[in-house]
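# Tertiary structure, described
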Amino acid sequence: MQAVSLNNRQQTQTALNDPDWVRIGLVSISVFVITLFLLLPLTTVLIEAFAKGWSAFAASLSQPDTLAAMRLTLLTAAISVPLTTAFGVSAAWTIARFEFRGKSLLVTLIDLPFSVSPVIAGLIYVLIFGAQGWLGPWLAEHDIKIIFAVPGIILATLFVTFPFVARELIPLMQEIGHEEEEAALSLGASGWQTFFKITLPNIKWGLLYGVLLCNARAMGEFGAVSVVSGHIRGLTNTLPLHVEVSYNEYDFVGAFAGASVLAGLAVLTLILKTLLEWQQQQQRKL
Amino acid sequence: MSIVLSNISKQFGAFKALDNINLDIPEGELVALLGPSGCGKTTLLRIIAGLEQADQGSVFLQGDNVTDRPIKNRQIGFVFQHYALFRHMTVFDNIAFGLRVKPRKQRPSETQIKEKVHALLQLVQLDWLHDRFPDQLSGGQRQRIALARALAVEPSVLLLDEPFGALDASVRKDLRLWLRHLHHELNVTSIFVTHDQEEAMEVASQIVVLNHGKIEQKGTPSEIYDQPQSDFVSRFIGQTNVFHLESDEHQWLKNAGIIIDEPQGIVAHVRPHNIIVEKKIDPDYSSIILKDWQHLGSTIRLELNRDDPQGSATTIYAEMPNEQFHALDVNKGDRVALRIKHAHWFN
């Protein structure tokens, strides 16, 4: 009797779990990959940034070009993130609530920036707004600069970041359903009241998560911005662009100093993301 | 508030959900929209509410044509099947919501709101739950809070979408009676949707039976049960035995007491309690084998098997009170006499 039950237990264990060597093997590979592709680069950035000591690091960061680059990055994020969020919330609302022709087309279009290379995104704007572009002559006439100026950078950043909030909210709003909103309307609430009092509180964690990812991408975008910016020192260089420029001029401390700021931003984003996920789980458990 | 529906039709793609519905509901009634799944009853309720738009036809509330009026201006209270309580607000805030979103001029003060909310909580006997969140409540409690919330804005019509569908049987029974009493107290015109005919019979003062988007019959519970106007209503409400005159049942039915020299239709529907079962067999009249019986509380349902398998109703169900059955003193497999007291005829 006992022998039989022990056998059963062994069989259950092998049926449900992988053998030890598989588990250890897979975990080791993951750790190795993470070390090679994440930890090593991050540590290298920090080591190189402080290679000539703290004062050199601080001096690079306080150079006017670096400061201008940081300001431009912040400005870009400050403009693109709210716009993307507004678009994302409206698109998610429309897609989750209504049936209409062209709905799947809209959803596909929202995913488009993910499948397009950022360099192509930048090129699109050059082709439209550049000096030889479609609107080039008209813009020149009215003395409006888009390409090789800040507006172009913002447009390019908007293109690559606009799916983030929408993609986060669409499945969330579909899952939550619209009964609470119908209830609010039946009680006499207006559309806006319903949105701020009912919809928004229900999606707040997903929204914050989407905004966070959007922000990280807006600050770190390179390819699309590189094509439209023109790399004009002190004027149209974002921080990622500035890192490239510094590196190409053999100013390694400067380059890595800038890179360490960006890396710091990435780590901060990761920490906040984990906190938000944890909060969301806590909320669900209630 | 009286409700008039005029030529309401609604289609979802190729599916006709509602087909030219005309309905008149006077003020103060408690009406059940009853029918099988897919008959259009929820769609109709939502059109009355303003949550959906009919393709054709008009909705009148107290004489006003509200067909194009949005839900927030119709003065209706809606109770959803899954309650739709605001998950991030306390019970108190849920009920106060309708009062707090009123335009400034009509909005009561916080003290007045507090009074009103507590009065409603006492009405539904859940005052002690005022600071809990919806996910801390049981199903029955949630439903009562949802009702209190709908009543807070003093609607002229109360609409309930399968209000007890998601609850267990015993909670459902209690809440049904409770709703009926509440309606008597408040006297608000109420319409509720259900697929449970027992519920409709127990709670409503008027039942509207729907099938495939059309109204089959409208009447009081006893009218619907005792005088079904169509084959569908007769089958849907309560139990029925169905006999087709086309098959060779003439003699058998005649011997069972139904006079069919001039049949009033080709199908006879007989309710189980209209079948009399007796021990003494009379050779001139129909007899039948008693196969089995089931206890249904105060009545017994008898399962009777026809000898002739070519008949259309091989198993016939009869019902009688407990004491009568015990007095009969029969066993399984016995042959008993059968008489049909009354039948409804359909074509």
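Cut-offs applied
Residues numbered from 1 in each chain as written. Chains lettered and ligands numbered in written order. Predicted model: local features only at pLDDT ≥ 70, side-chain atom pairs only at ≥ 80, totals over all residues. Heavy atoms only, no water. Pairing = 2+ DSSP bridges. Helix = DSSP H or I, 4+ residues; strand = E, 2+ residues; numbered from the N terminus. Axes fitted to C-alpha atoms, helices over the stretch in contact; angles between N-to-C directions. Patch = residues over 30% accessible without salt bridge, like charges linked within 9 Å, V, L, I, M, F, W, Y side chains within 5 Å. Areas by Shrake-Rupley, 256 points an atom, 1.4 Å probe, with all protein chains shown as cover. Salt bridge = Lys/Arg side-chain N within 4 Å of Asp/Glu carboxyl O. Buried < 20%, exposed > 50% of the residue type's maximum accessible area, 1.4 Å probe, protein only. Core = buried A, V, L, I, M, F, W, Y, C linked by side-chain atoms within 4.5 Å. Contact = heavy atoms within 4.5 Å. Buried area = accessible area lost by both parts, 1.4 Å probe. Polar contact = N/O pair within 3.5 Å; in protein donor to acceptor, adjacent residues only side chain to side chain.

### Observations regarding the sheet that holds strand E6 (residues 76-79) of chain B
Residues and elements named next belong to chain B.
- The 6 strands are arranged E6-E7-E8-E3-E9-E10 in an open sheet whose pairing can be described as mixed. Where the open sheet ends on each side, the last strands, each with one partner, are E6 and strand E10 (214-219). For this sheet, the mean inter-axis angle between neighbouring strands, taken without regard to orientation, is 15°.
- Pairing analysis gives 4 bridges linking strand E3 (residues 30-34) to strand E9 (residues 206-211), with the strands arranged parallel. Note that in E9 the partner of Leu 33 across the bridge is Val 208.

### Description of a nonpolar patch on the surface
All names here are of chain A.
- Where nonpolar side chains cluster on the molecular surface, the patch consists of Leu 26, Ile 29, Phe 32, Val 33, Ile 34, Leu 36, Phe 37, Leu 38, Leu 39 and Leu 40 and spans about 990 Å² of accessible area.
- Looking at the element boundaries, Leu 40 is found in helix H2 (residues 20-49).
- On the basis of relative accessibility, which here comes to 45%, the residue Leu 40 falls in the partly exposed class.

### What about the nonpolar core?
Residues and elements named next belong to chain B.
- Of all hydrophobic cores here, the largest spans 46 residues; its most connected members are Ile 95, Ile 145, Leu 147 and Ile 207.
- The biggest single contributor to this core is helix H4 (residues 139-151), with 6 residues.
- For Leu 147, the residues in contact, after removing those within four places along its chain, are Val 79, Leu 158, Leu 160, Trp 178, Leu 179 and Leu 182.
- The next biggest cluster of nonpolar side chains, apart from the first, holds 41 residues, and it includes Val 59, Ile 76, Phe 86 and Phe 97.

### Side note on the interface of chain B and chain A
- In this assembly, 21 residues from chain B lie in contact with 18 residues from chain A.
- Buried surface at the junction of chain B and chain A, both sides included, amounts to about 1800 Å², of which 61% is carbon and sulfur.
- Of all residues in chain B, the largest losses of buried area upon contact with chain A belong to Lys 72, Arg 87 and Val 101 of chain B, amounting jointly to 28% of the total for that side.
- Where chain B meets chain A, there are 2 salt bridges.
- The salt bridge partner of Arg 87 of chain B is Glu 180 of chain A, with a shortest N-O separation of 2.7 Å.
- Joining chain B to chain A, the criterion identifies 5 residue pairs in polar contact (both at pLDDT 80 or more).
- Elements with a minimum of two residues in the side of chain B that touches chain A: E6, helix H2 (91-100) and H4 of chain B.

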